[in-house]
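Structure at a glance
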Amino acid sequence: MHVQTQVQLKNLNTLNLSAIASHYVKINQPSDAIEALAFAKKNDLNVLILSGGSNLLLPEHIHALVIHLNIQGIDRIDEDENTVTVKVGAGQVWHDFVLYSTQQHWYGLQNLALIPGLVGASPVQNIGAYGVEVGEFIESVQVYDRELQQFSSILSQDCNFAYRHSRFKEEPNRYIILSVTFKLLKKAALKLSYGDLQQAMADELTAENLQNKVIQIRQSKLPNPKDFPNVGSFFKNPILTQAAFDKISQQFPNTPHYPQANSDVKVAAGWLIDQAGWKGKQLGTVGMFHKQALVLVNYADATLADVKKTYQAVQFDVKQKFSIQLEPEPVLYSEQGLIQAHGD
């Protein structure tokens, strides 16, 4: 394990924000986590866990130990007639793992193709797309528990998975995720609840075609971070009570919405942002993408202050028009390497 100092993280976060870490270390195996934490304690440093850098907002200077997860490996550990259980290192690229799973005829994750980031970050946000959430296929998450100072495995039912939420978001400073164990299907059970996906599939109802269509749709709407630095969907789709949605739909009858299991209604944040006039609009070097209003883009050398100014302006305009407060998806960090609320 080698700790570096004054490391530029611009190429390690997909929004391409300039961020210099006072201390940085790459973890290649679980035992490195203990050594890194000991270094942080000895030097009185907070710890910031960096995965694929696709869901965070970093300040220009970070006085903390940035631990970059790089644990690799895809291991089949069990299977039966209907399922296969696979343990995947936290440092594996998520999209590559989805493609590999399809090649192996392991099914369930095809709707989640092309989501940026690493496997280790997938349970934290309970990533989801096109009617599927990763928590549905997670059997357990292997972690180092900083509170108990021990390695442990957390079963899926104890991860508190919900929409863009998990136990790991509730206790962000407690766990370092080292690997994730998935239970995947041997027979495809296609989920085609989203209209544009169902239409694109036509009559070729295979998992391979589903994955290909998801990739095509995402590529048509979402910019490649290498071309237009971004963190994917910047805001969560707001979930409203039926009464609150009915009030909005009276004034805006074409509001895209998705009924939820508990009678609440999920509303498309991208549509709200578009209707508020922000699709393709810039504020200085930051703006909402012209093909997908839900994606915030760094068009030049934007700072965290520039990003904040833009997304707060979007929030204000949506609130004024719809009385809905949009909640950002990416995690916001302070100069001390600590997670902070977006309103701070």
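Residues numbered from 1 in each chain as written. Predicted model: local features only at pLDDT ≥ 70, side-chain atom pairs only at ≥ 80, totals over all residues. Heavy atoms only, no water.

Under the annotation held in an unreviewed UniProt entry, the protein carries the name UDP-N-acetylenolpyruvoylglucosamine reductase and is attributed to Acinetobacter beijerinckii CIP 110307. Listed in UniProt under the heading Catalytic activity (unreviewed entry), the comment for the protein reads: "UDP-N-acetyl-alpha-D-muramate + NADP(+) = UDP-N-acetyl-3-O-(1-carboxyvinyl)-alpha-D-glucosamine + NADPH + H(+)". Per UniProt, the protein carries the Sequence similarities (unreviewed entry) text "Belongs to the MurB family." (UniProt positions renumbered as here; feature names shortened; annotations may be inferred.)

Between its first and last C-alpha atoms helix α9 (residues 304–322) spans 27 Å; for 19 residues at 1.5 Å apiece the expected length is 27 Å, and the two agree. Phi turns positive, to about 60°, at S323, one or two residues after α9. (Helix = DSSP H or I, 4+ residues; strand = E, 2+ residues; numbered from the N terminus. Expected span 1.5 Å × (residues − 1).)

A separate point is the packing of helix α2 (residues 94–103) against helix α6 (residues 207–221). Two measures define how a pair of helices packs: the angle their axes make with one another and the distance between the axes. α6 packs onto α2 with a crossing angle of 155° between their chain directions and a minimal axis gap of 10 Å. In terms of orientation, α2 and α6 fall into the roughly antiparallel class. For the pair α2 and α6, the sense of crossing is left-handed. Contact residues: H95, V98, L99 and T102 in α2; E208, Q211 and I215 in α6. Of the residues in the contact of α2 with α6, the class split is three nonpolar, three polar and one charged. (Axes fitted to C-alpha atoms, helices over the stretch in contact; angles between N-to-C directions. Parallel < 35°, antiparallel > 145°, perpendicular 65-115°, else oblique. Left-handed = near helix turned anticlockwise from the far one by under 90°. Contact = heavy atoms within 4.5 Å. Nonpolar A, V, L, I, M, F, W, Y, C, P; charged D, E, K, R; others polar.)

Here we come to the side chain of T102. For T102, the location among the structural elements is in helix α2. Side-chain polar atoms of T102 contact the side chain of Q110, separated by 2.9 Å. (Polar contact = N/O pair within 3.5 Å; in protein donor to acceptor, adjacent residues only side chain to side chain.)

Here we come to the nonpolar core. Counting 37 residues, the largest nonpolar core has W94, F97 and F182 as the members making the most contacts within it. Not counting residues up to four positions away in its chain, the partners in contact with W94 are L109, L112, I115, G117, L118, V119, S122, I127, V134 and F182. Membership of the second largest hydrophobic core comes to 34 residues, among which are V231, I248, I273 and A302. (Core = buried A, V, L, I, M, F, W, Y, C linked by side-chain atoms within 4.5 Å. Buried < 20%, exposed > 50% of the residue type's maximum accessible area, 1.4 Å probe, protein only.)

The next subject is the domain arrangement of the protein. As assigned here, the protein comprises domain 1 (4–69), domain 2 (74–220) and domain 3 (235–328). The C-alpha-based centres of domain 1 and domain 3 are spaced at 31 Å. Across the contact, eight residues belong to domain 1 and eight residues belong to domain 3. A buried area of about 610 Å², summed over both sides, lies between domain 1 and domain 3, and 67% of it is on carbon and sulfur atoms. Together, L15, L17 and L57 form the three largest contributors to the area buried by domain 1 at its contact with domain 3, with a combined 61%. There are one salt bridge connecting domain 1 and domain 3. In this structure, D301 engages K10 in a salt bridge whose closest nitrogen and oxygen atoms are separated by 3.1 Å. At the surface where domain 1 touches domain 3, the tally comes to two residue pairs in polar contact (both at pLDDT 80 or more). A class-by-class count of the residues in the side of domain 1 that touches domain 3 yields five nonpolar, one polar and two charged. (Domains from an automatic or database assignment. Buried area = accessible area lost by both parts, 1.4 Å probe. Salt bridge = Lys/Arg side-chain N within 4 Å of Asp/Glu carboxyl O.)

All right, on to the sheet that holds strand β13 (residues 230–233) then. In spatial order, the strands read β13-β19-β18-β17; together these four strands make up an open sheet with antiparallel pairing. A strand with exactly one partner marks an edge of an open sheet, and here the two such strands are β13 and β17 (282–283). Two elements, β13 and strand β19 (residues 295–298), share two bridges in a ladder whose sense is antiparallel. The residue bridging S233 from the neighbouring strand is V295, located in β19. (Pairing = 2+ DSSP bridges.)

What follows covers the UniProt feature "active site" (unreviewed entry) in the protein. UniProt tags R164, S233 and E329 as "active site" (unreviewed entry). Look at the named residues: they lie 166 residues apart in sequence, but the longest C-alpha span between them is just 11.6 Å, so in the fold they bunch up. On the secondary structure map, R164 appears in the loop between β11 (150–155) and α4 (167–170). Apart from residues no more than four positions distant in its own chain, E329 is found in contact with N55, Q125, R164, S233, F234, F235 and K236.

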